[in-house]
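Next come the chains, spelled out residue by residue.
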Amino acid sequence: MAIDASDAWKQWREKREESVTAPYGPLALTATHWIEDQPEGRLPDIPGTWAADGEGVVLTAVETDGLQVDRRPFGGEIRLTADTGPEAAARVSLGEKRLVVLVREGVWGVRVYDPGAAARRAFRGIEATAYDPVWAVPGRFTPYDARRVVRLGNADGRVRGFALAGELAFTVGGRERTLAVARQGEGPLWAVFADATSGDTSFRFRFLFPDAPDAQGRTTVDFNRAQLPPCAFADHFLCPFPPPGNTLNIAVEAGERTPR
């Protein structure tokens, strides 16, 4: 028997809170260090020497530093590339902490995930509006002729490129509206948007991930599944701000609103 939309949304909400509160979920992020900001290669509160050479990160340490690589005590020198899997699987660790190597526009950094982070202990859930079918509407995705890269402010105060794949059109509040969306390969769409509730009864912007469109570009735009960006849970994420045109002039009274 098919599960109804409301029950499916409740299951989605449960999985969302599980992922947010996971030992290495967004609440566990306590720092993002850019190696170029540390000319001597010493990251705050992290042992070893970290150097970026354009192709990756070279870590140098002695065993007494307490670092592990692939869960084994590490001493010596190793070249690291960006971690692409789950944060819990990051190659470098320090006790229970995971040190995640990342790169953005050629700039290398290290993120620190700590299961003992204060934010994990303080978290009391996500404020979300009850499911309302009014906010789940048909949408149509139209890809651009070529990928468009726009420069957007990020939550960490820097400006970075953001690749847009096309336009998502839908009707809510009696009017057709559009959002510029990103997409990885043939996967789901990704909209970064704000609305009349943003910064008031909702976080200043939110994310939406409509399912991959079919061959005719059809998908569902379900604002009941609008979700808080990672930077709503920790200050050390880079989250892009909404692209031009992605601030809706209506109050989207649906989806996740704020962390408790």
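Note that the coordinates shown come from a computational prediction; the quantities given were computed from them, not determined experimentally.

1. Structural notes on the overall build of the protein
A count of helices and strands for the protein gives two helices and 17 strands. For 260 residues, the compact-globule formula gives about 18 Å, and the C-alpha radius of gyration of the protein, at 20 Å, lands near that figure. Once the C-alpha set of the protein is aligned to its principal axes, its extents read approximately 65 × 40 × 40 Å. Within the protein, residue pairs in contact and separated by at least 24 positions form 59% of the contacts whose partners lie at least 6 positions apart. As displayed, the protein offers around 13,200 Å² of accessible surface, 49% of which is attributable to carbon and sulfur atoms.

2. Remarks on the sheet that holds strand β6 (residues 76-80)
As summarised here, the arrangement of the three strands in space is β2-β3-β6, forming an open sheet in which the pairing is antiparallel. Edge strands, defined here as strands with exactly one partner in the open sheet, are β2 (49-52) and β6. Averaged over all pairs of adjacent strands, the angle between their axes in this sheet comes to 20°, without regard to strand direction. With five bridges connecting them, strand β3 (residues 57-61) and β6 associate as antiparallel partners. Paired with Val58 across the strands is Arg79, a residue of β6.

3. A short note on the pairing of strand β14 (residues 189-193)
Of all the five residues making up β14, four are buried; the element is thus mostly covered by neighbouring parts of the structure. Summarising the sheet, strand β13 (residues 175-183) and β14 pair through two bridges and their orientation is antiparallel. Counterpart to Arg183 in the pairing with β14 is Leu189. Connecting β13 to the next strand, β14, in antiparallel fashion are five residues, including Gly185 with a positive phi near 60°.

4. Things to note about the environment of Val103
Of note, Val103 is situated in strand β8 (residues 97-104). Exposure remark for Val103: the relative accessible area of 27% places this residue in the partly exposed category. For the pair Val103 and Phe209, spaced 106 residues apart in sequence, the C-alpha to C-alpha distance is 23 Å. In contact with Val103, other than residues within four places in its own chain, are Ala82 and Trp108.

5. Focus on the pairing of β3
With respect to burial, β3 is a largely interior element, four of its five residues being buried. Relative to β3, β2 is paired through four bridges, and the arrangement is antiparallel. Residue pairing for β3: Thr49 is matched across the bridge by Thr60. Here β2 hands over to β3 after four residues, with Gly54 in that stretch at a positive phi of 95°.

6. Comments concerning the sheet that holds strand β15 (residues 206-208)
Taken in spatial order, the six strands line up as β15-β14-β13-β12-β11-β16 in an open sheet, and their pairing is antiparallel. Each edge of the sheet is formed by a strand with only one pairing partner; in this case those strands are β15 and β16 (218-222). Direction aside, neighbouring strands of the sheet carry axes that sit 45° apart on average. Pairing geometry for strand β11 (residues 136-153) and strand β12 (residues 159-172), over 11 bridges, is antiparallel. Each residue of the ladder has a partner; that of Arg148, found in β12, is Leu164.

Parameters and conventions
Residues numbered from 1 in each chain as written. Predicted model: local features only at pLDDT ≥ 70, side-chain atom pairs only at ≥ 80, totals over all residues. Heavy atoms only, no water. Helix = DSSP H or I, 4+ residues; strand = E, 2+ residues; numbered from the N terminus. Rg over C-alpha atoms; globule rule 2.2 N^0.38 Å. Contact = heavy atoms within 4.5 Å. Areas by Shrake-Rupley, 256 points an atom, 1.4 Å probe, with all protein chains shown as cover. Pairing = 2+ DSSP bridges. Axes fitted to C-alpha atoms, helices over the stretch in contact; angles between N-to-C directions. Buried < 20%, exposed > 50% of the residue type's maximum accessible area, 1.4 Å probe, protein only.

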